[in-house]
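# Chains, contacts and geometry: an overview
The residues making up each chain are set out below.
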2 protein chains.
Amino acid sequence: MSDFEAFPELDRLVHEPGRLAIAAVLNAVDQADFLFLLKQTGLTRGNLSSHTAKLEAAGYIDIEKTFVEKVPRTVYRLTPAGQKALNRYRRHMRKVLEALED
Amino acid sequence: MSDFEAFPELDRLVHEPGRLAIAAVLNAVDQADFLFLLKQTGLTRGNLSSHTAKLEAAGYIDIEKTFVEKVPRTVYRLTPAGQKALNRYRRHMRKVLEALED
DNA sequence: CAAACCGGTTTGTATTACAAACTCAGTGTA
DNA sequence: TACACTGAGTTTGTAATACAAACCGGTTTG
């Protein structure tokens, strides 16, 4: 039998569906601004804001605020630590799914 | 690009790692008692109790309390609804992982 | 100049996951 | 008979979330 004990060790920061979506988008496009993330993830602005704040606090993404033609523009990017975390999560979740196949 | 919007639609009842472990064990062995689940999932007794209660409330498992030689024995089993939910979750999560591969 | 809009952030609330404390029956054991 | 002790769960208290609604500072539009 598989080691089901490992299930609860999933990185909950990444595991949360909203944040997983954010991470997945950033992983795919390398860099994105607020509106793009909003559209892609389907989150509300409030949730997007707080989730990105949490990911930043964990060092998984970094947030760069600039102005383009006097309009604020925030760009989000996965950090190396974030990529690692995402890869770990992916491996971990793949095992979980395998355990579910049997 | 994948439909990251679908990420947040993951069934959170199943998504929670502790409950996912419970469901996975029950899926594998078809039936288990409290102590067995406890060992396999690595959860504490309190958490195991409340997670199973939640799964039961959702109709995903059923809980049968019996006495064996005057000693209480509780047996947990995945219901058809629970199996369906688990399968849905599996498919959903597989897509999520695929979206992460690209 | 006021109203709407954009790009977010803060706040309030309801849910939750967790562990510690509790319950209650049966089992030594003196 | 009394008295810990264990085994099998459940209840309770608390801290952490996730969520949406309200807010806010600038900017464009009417």
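On a predicted model such as this, the values are computed, not experimentally measured, just so you know. (Residues numbered from 1 in each chain as written. Chains lettered and ligands numbered in written order. Predicted model: local features only at pLDDT ≥ 70, side-chain atom pairs only at ≥ 80, totals over all residues. Heavy atoms only, no water.)

### Notes on the relation of the copies chain A and chain B
The two copies are related by a screw motion: chain A maps onto chain B through a turn of 180° and a shift of 0.0 Å along the axis, at an RMSD of 0.1 Å. Both chain copies can therefore be described as sitting about a two-fold axis. Here 100% of the interface residues in chain A have copies in chain B that are interface residues too; the copies meet face to matching face. (Least-squares fit on C-alpha atoms with pLDDT ≥ 70 in both. Contact = heavy atoms within 4.5 Å.)

### Side note on the sheet that holds strand S2 (residues 61-68) of chain A
Residues and elements named next belong to chain A. Taken in spatial order, the three strands make up an open sheet running S1-S3-S2, and their pairing is antiparallel. The outermost strands of the open sheet, each flanked by one partner alone, are strand S1 (32-33) and S2. In this structure, S1 lies alongside strand S3 (residues 71-78), joined through two bridges in antiparallel fashion. The residue of S3 that forms the bridge with Asp33 is Val75. (Pairing = 2+ DSSP bridges. Helix = DSSP H or I, 4+ residues; strand = E, 2+ residues; numbered from the N terminus.)

### Section: the protein's contact with DNA strand D
Taken together, 17 residues are adjacent to DNA strand D, and Glu16, Arg19 and Asn47 of chain A together with Arg12 and Thr74 of chain B come closest. The sugar-phosphate share of atoms of DNA strand D within 4 Å of the protein amounts to 63%. Arg45 of chain B places a side-chain nitrogen or oxygen 2.8 Å from a base oxygen of DNA strand D. A distance of 2.9 Å is found between a phosphate oxygen of DNA strand D and a side-chain nitrogen or oxygen belonging to Lys65 of chain B. Elements with a minimum of two residues in the surface near DNA strand D: helix H4 (45-57) of chain A together with helix H3 (34-41), helix H4 (45-57) and strand S3 (71-78) of chain B. Broken down by element, the residue count for the surface near DNA strand D peaks at four residues, all from H4 of chain A. (Near = heavy atom within 4 Å. Polar contact = N/O pair within 3.5 Å; in protein donor to acceptor, adjacent residues only side chain to side chain.)

### A look at the interface of chain A and chain B
Of the residues lining the interface, 33 residues belong to chain A; the matching set on chain B comes to 33 residues. Between chain A and chain B, the buried area comes to about 2,900 Å², and carbon and sulfur atoms account for 68% of it. Looking only at chain A, the three residues that lose the most surface to chain B are Phe4, Pro17 and Leu100 of chain A, adding up to 21% of its buried area. Between the two partners, chain A and chain B, sit six salt bridges. Ionic pairing is found between Glu101 of chain B and Arg94 of chain A, a salt bridge with its closest N-O pair at 2.7 Å. The interface formed by chain A and chain B contains eleven residue pairs in polar contact (both at pLDDT 80 or more). Those elements that place two or more of their residues in the side of chain A that touches chain B are helix H1 (12-15), helix H2 (17-29), helix H3 (34-41) and helix H5 (80-101) of chain A. Residue contributions to the side of chain A that touches chain B peak at nine residues, all from H5 of chain A. Split by residue class, the side of chain A that touches chain B holds 19 nonpolar, six polar and eight charged. (Buried area = accessible area lost by both parts, 1.4 Å probe. Salt bridge = Lys/Arg side-chain N within 4 Å of Asp/Glu carboxyl O. Nonpolar A, V, L, I, M, F, W, Y, C, P; charged D, E, K, R; others polar.)

### Quick notes on the protein's contact with DNA strand C
For DNA strand C, the set of nearby residues contains 18 residues, the closest of which are Arg12, Leu35, Arg45 and Thr74 of chain A together with Arg19 of chain B. The sugar-phosphate backbone supplies 65% of the atoms of DNA strand C found within 4 Å of the protein. Arg45 of chain A is positioned such that a nitrogen or oxygen atom in its side chain is 2.7 Å from a base oxygen of DNA strand C. Here a phosphate oxygen of DNA strand C sits 3.1 Å away from a polar atom, N or O, in the side chain of His51 of chain B. Counting residues per element, the ones that place at least two in the surface near DNA strand C are H3, H4 and S3 of chain A together with H4 of chain B. If you tally residues by element for the surface near DNA strand C, the top one is H4 of chain B, at four residues. When grouped by side-chain class, the residues that make up the surface near DNA strand C number three nonpolar, seven polar and eight charged.

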